Amino acid sequence: MSDDQTPTDPTTDASQVRYDQARYVNDGQYEPLLSEKDQTSVDIGDDGDSPLPDDLTRDSIKLPELSEPELARHYTRLSQMIYGIDSGPYPLGSCTMKYNPKFTEDVAALPSAAIHPDRSEESIQGTLELLYRLQDYLGRIGGMDAVTLQPPAGAAGEFVGIRVAAAYHEHNGEGHRNEVIIPESAHGTNFATAALGGYDVVSLPSDEDGRVDLGALEAALSENTAALMLTNPNTLGLFERDIEEIADMVHDVGGLLYYDGANLNALLGRARPGDMGFDVMHYNVHKTFATPHGGGGPGAGPVGVVAELESFLPAPRVREVGGGANGAETYELFDPEHTIGNVHGFQGNWLVLVKAFAYIARLGDEGLADASAKAVLNANYLASQIEYEIPYGPFHHEFVASAGDQDAADVAKRMLDYGVHPPTTKWPEIVPEALMTEPTEVESKDTLDRLAAAFNAVAKESNKVLEDAPERTTARRIDQTSAARNPRLSWHELAEEDT
Amino acid sequence: MNESDTHTTGSPYAPHTDDGRTVMLEAIGVDSVDELFDIPEDVRFTDEFGIDARSERETRRLVRSVLDRNTDLTELLGRGHYGYYIPSLVDHLADRSEFLTSYTQYQPEVSQGFLQALFEYQSLLVELTGLEIANCSMYDAATALGEAATLAERVRSTSGHRVLVPDLLRDGRRSTLENYVAGTDLTVESYPTDDGTVDVGALESTVDDDVVMVYAENPTVRGTIEEQLESIGDIADGADALFVLGSDPVALSLLQRPADVGVDVVIGDASVLGLPTSYGMGLGLFACREEYLRQVPGRLVGVSEDETDRRVFTLTLQTREQHIRRERATSNICTNQAWVALRTAMHAASLGPNGMVDLAKRGVTRAEELAARLDGLDGVQAPVHDRHHIREFVAHVDQPAPAIAEDLEKRGFAVHVVGEHEIQVCVAGVPDDDLDDFVATITEVVR
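In this text, all values refer to a predicted model and were calculated from it rather than measured experimentally.

Calculation rules
Residues numbered from 1 in each chain as written. Chains lettered and ligands numbered in written order. Predicted model: local features only at pLDDT ≥ 70, side-chain atom pairs only at ≥ 80, totals over all residues. Buried ≥ 20, exposed ≤ 12 C-beta atoms within 10 Å, placed from the backbone. Helix = DSSP H or I, 4+ residues; strand = E, 2+ residues; numbered from the N terminus. Pairing = 2+ DSSP bridges. Right-handed = clockwise from strand over helix to strand, strands pointing away. Expected span 1.5 Å × (residues − 1). Arc of directions from axis to C-beta. Contact = placed C-beta atoms within 7 Å. Nonpolar A, V, L, I, M, F, W, Y, C, P; charged D, E, K, R; others polar. Axes fitted to C-alpha atoms, helices over the stretch in contact; angles between N-to-C directions. Parallel < 35°, antiparallel > 145°, perpendicular 65-115°, else oblique. Left-handed = near helix turned anticlockwise from the far one by under 90°. Domains from an automatic or database assignment. Core = buried A, V, L, I, M, F, W, Y, C linked by C-beta atoms within 7 Å. UniProt positions renumbered as here; feature names shortened; annotations may be inferred.

Participant: Teacher, can you tell me more about the pairing of strand β7 (residues 211–217) of chain B here?
Facilitator: The two faces of the sheet receive side chains in turn, since in a regular strand these alternate between them. All names here are of chain B. Burial analysis of β7 places seven of its seven residues in the buried class, the great majority of the element. With three bridges joining them, strand β3 (residues 162–166) and β7 adopt parallel strand pairing. The partner of V163 across the bridge, within β7, is M213. As paired strands, β7 and strand β8 (residues 242–247) are joined by five bridges and run parallel to one another. Bridged to E217 within β8 is G246. Traced from β7 through helix α9 (residues 229–238) to β8, the parallel crossover comes out right-handed.

Participant: I keep staring at helix α2 (residues 68–80) of chain A and nothing clicks. Help me out?
Facilitator: In an α-helix, one turn spans 3.6 residues, which is why side chains three or four residues apart end up on the same side. Residues and elements named next belong to chain A. The end-to-end C-alpha distance of α2, which contains 13 residues, comes to 18 Å, matching closely the 18 Å that a straight helix rising 1.5 Å per residue would cover. Buried within α2 we find L71, H74, Y75, L78 and S79. The arc that holds every buried residue of α2, seen down its axis, measures 130°, which confines them to one face.

Participant: Any chance you could explain the interface of chain B and chain A here in plain terms?
Facilitator: When the parts come together, some accessible area is lost, and that loss is often what is quoted as the size of the interface. Contacts between the two partners involve 153 residues from chain B, matched on the other side by 169 residues from chain A. Considering every element that reaches the side of chain B that touches chain A, the biggest residue donor is helix α12 (residues 338–375) of chain B, with 14 residues. Residues that form the side of chain B that touches chain A fall into these classes: 64 nonpolar, 54 polar and 35 charged.

Participant: What exactly am I supposed to notice about the sheet that holds strand β12 (residues 399–402) of chain A here?
Facilitator: The strands that make up a sheet pair up through hydrogen bonds in the backbone, lying either parallel or antiparallel. All names here are of chain A. Spatially, three strands are ordered β12-β14-β13 in an open sheet, and the strand pairing comes out antiparallel. At either end of the open sheet lies a strand with only one pairing partner, and these are β12 and β13 (424–425). Sheet topology places β12 next to strand β14 (residues 434–437); four bridges connect them, and they run antiparallel. Paired with S402 across the two strands is A434, which belongs to β14.

Participant: I tried to follow the packing of helix α4 (residues 125–142) of chain A against helix α11 (residues 350–385) of chain A on my own but got confused; where do I start?
Facilitator: All names here are of chain A. Running from N to C, α4 and α11 point in directions that differ by 55°, and their axes come no closer than 10 Å. The pairing of α4 with α11 is recorded here as oblique in orientation. Seen from above, α4 lies across α11 with left-handed handedness. In this structure, α4 contributes L130, L131, R133, L134 and Y137 to the contact, and α11 contributes L353, V354, A356, F357 and I360. Along the lines of polarity and charge, the residues of the contact of α4 with α11 split into nine nonpolar, no polar and one charged.

Participant: Help me out: how do you make sense of the domain arrangement of chain B in this one?
Facilitator: All names here are of chain B. Assigned domains of chain B: these are domain 1 (18–67), domain 2 (74–85 + 352–446) and domain 3 (88–345). Facing 26 residues of domain 2, the contacting portion of domain 3 comprises 21 residues. Elements with a minimum of two residues in the side of domain 2 that touches domain 3: α12 and β14 (392–397). With seven residues, α12 is the single largest residue contributor to the side of domain 2 that touches domain 3.

Participant: Even after reading the chapter, I still don't get the nonpolar core, so can you show me in this structure?
Facilitator: Burial of nonpolar side chains together is a common tendency in soluble globular proteins. In this structure, A:V164, A:V280, A:V354, B:M213 and B:V214 are the most contacted members of the largest nonpolar core, which totals 317 residues. Of all the elements, α11(A) adds the most residues to this core, at 23 residues. When sequence neighbours within four positions are dropped, the list of residues in contact with A:V354 reads A:V107, A:A108, A:A113, A:L130 and B:V63.

Participant: Explain the environment of B:C334 to me, please; I cannot follow it from the model alone.
Facilitator: Residue and element names in this part refer to chain B. Here C334 shows up in the loop between α11 (322–325) and α12. On the basis of neighbour counts, which here come to 26 C-beta atoms within 10 Å, the residue C334 falls in the buried class. Considered as a pair, C334 and E321 are 13 residues apart in the sequence and their alpha carbons are 8.1 Å apart.

Participant: Help me understand the UniProt feature "domain: Glycine dehydrogenase C-terminal" (unreviewed entry) in chain A, please; the structure alone is not making it clear to me.
Facilitator: According to UniProt, the "domain: Glycine dehydrogenase C-terminal" (unreviewed entry) feature falls on residues 371–469 of chain A. From the first C-alpha to the last, residues 371–469 of chain A spans 34 Å; its make-up is 45% helix and 10% strand.

Participant: Looking at this structure, I do not really get the packing of helix α6 (residues 141–155) of chain B against helix α7 (residues 171–181) of chain B. What am I missing?
Facilitator: When two helices pack together, you describe them by how their axes are tilted relative to each other and by the distance separating the axes. All names here are of chain B. For the pair α6 and α7, interaxial distance at closest approach is 8 Å and the crossing angle is 40°. Relative to α7, α6 is oriented oblique. Considering the relative orientation of α6 and α7, their crossing is right-handed. Residue-level inspection shows A141, A142, T143, L145, G146, E147, A149 and T150 of α6 in contact with α7, the latter providing G172, R173, T176, L177, N179, Y180 and V181. Looking at the contact of α6 with α7 residue by residue, the classes come out as seven nonpolar, six polar and two charged.

Participant: Looking at this structure, I do not really get helix α13 (residues 401–410) of chain B. What am I missing?
Facilitator: Residues and elements named next belong to chain B. Of all the residues in α13, the buried ones are A401, I404, A405 and L408. Taken around the axis of α13, the buried residues stretch over an arc of 95°, which confines them to a single face. Turned more than 90 degrees off the buried face of α13, the exposed positions are A403 and K410. Those residues of α13 that are buried lie in contact with β14, β15 (413–414), β16 (416–419), β17 (422–426) and α14 (432–446). Downstream of α13 by a residue or two, G412 has a phi angle that is positive, lying close to 100°.

Written out as structure tokens, the structure is:
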């Protein structure tokens, strides 16, 4: 493609939505910082009204002092300079950016949900019941015998899995097991979690079909294997067809099989990790169960285990202890016999768990199965409509296309100009210039067509056009290298630059 | 169900008409959705979960009826989590769906608003701590403490093994810390406290070159204000150990600035501002000295320029993180508490510096006043510790503390039991008339 091609103007292309993101421009910057609107210094102790001796207090504090209307505008403007799920499609592979039902915010905001973590168990029976019922729901959905809700995110769930595995092996006199096997295409958190748990990581190459290479797995397994961490469907969207054999191989050497729940949205009501031979799994409730991502969290990463591992789960857990007054069940906290202890100060991200409970209770069996069916249908339909090559299949809820001669990161930037969020890029590395795409079940056919049109329009554009993108977003292409070369991480450092 | 309920089969959040589905299947080249699932028969799930679907209204009613089993109590509870009043501004603006429903800012051009809010959050913590670096968040105080210990191990020039924490440290924090260091050569040990604050002499005698980190809290979990932070810092420094301090944004508005007393890392729960009491859900505060920049865990937002040379914000120094560095990352954290950080920044901005200092000062005076009122009752001595306090204090009760707490709970008040004859009482977020009612009630209870 020649460099003098005229770029498609997404605002005049009838197949496209006209899109311009809000942009407040203000003398070489966008919306000013709070600190540029006001800086008020408050001295402490000068006027003699400090209730503490001077040597126990700071001298002063300098922060913005702004009125509520000023703040309302500031944060409204900031929000307008963000693309969210309610703005348009958000097909980030592995991130499961599905619509977050509004009513779940209302139930999490109930005053009865706002309780202190040190309340007596008798006075929080509602909270304990909700946690108990959510444990039960998740156990059924994953095919697991016991569930802890404590991990506050997926990576924290992985950490629980790794610590439980360590405690289990230690308990069996096999504390020498020092290796965790992870496929090369796995999420980065798997590697980092295993390392945090003190394990050596054994990286497993994929076979030519994009799945676990059984020969390589055989070679990697040994009496030192503590666990194999696996995502299924894997990051290419492929189901690990040999999962039963994989489970047998891992169990034969005495290792445990860990399920990374990032891709569970593909399987609801169709297959369960517990039935595939997995011993431990985490659930990403902010993916599969539609709790909002909040710009990077909070999420929740509950962990399910088979009965043999139940006694190692974090403390405390919730159990039912029979009927109380008025015939209602009563619930209590308890410490499992061989517990690994806490991985969070209390019980994790409670308000997120309330939202997840509400989502599951709303959808039920049919709704959950339908979500997965349509997630897989949507991914396959979108794939059928885009011109980029998709080297691996059959895929489920996500697929990884290759941008070919184009730079996947540039493709992503240009897609922003078409009013859609781009896919995850350049990962997994097994596909060159990867465009990892997961539309989720929430998109209509019309939206998928629009998304496909954006992919296809960009596929035809020149590298020059791509390199100049985006132009319709608040900010134009950002130089990320200079941010790292000259780190300025607070407004204090900007003020120093000015002087 | 009634006329205002809508009930659909399948997911109410997944559109598609039957016609649309047919067209899509044709385009894919299959006859049914089932054909798209490449799952071996042996592992197919053909049973049911046994979870009933409900309308939105029924679901709301269900959650409400379950949570209604929580007793409505006036909480005089603290020990790290506080029920400060949250201005309506925070809920209304943080709930704007662009904030709530967006992902981590991997495409900064289309995420400037959230990046700027997180940069402002970092700046708030830099101002409060006096330390140069603050990350966008850890999960909570306990996990931030764990991350501080692994940081301490990474940055120390010579190897060491001991992490020292106060004997008063909350069990959940200590246990979490122990899990975080389980994969390292570090061990966690307690040092004694004296009348509610650090026993500096005892600390000094236990510190040796094998210590990599000394942890203290200000205020302490019993509400006392630490008086010898500088000495603690000197002791840590003498052993080439990191001095890690636990605190929170309200306390930091008034108490000694950590950077002024030799602190290397501040951790804590920043959601003291921004979140109601949420059964322990938090926001891990993590700030440290600039020299540890390349070893910091978690996300950092920095400044750069875009193609038009305008100032912009972007995630930066990502080569520390798991998605790039994998097993050599500084932490495994990915999803964090970004939206809570936004709420904390909003709450702090809403208070302004005058409001924050005032809130902290009132924590001191109101705790003092309540302690004096309780101390006037027969069978109660308060505060137990001869120290300055903020927000909360421990009171001695002549009767068994669990019985007192149980009786108070029956009458609508929650307090901590922290010893056989010790209760802990917190004033943060409790209106004055509720404190009056509490005093009247406990007067009857201890009678």
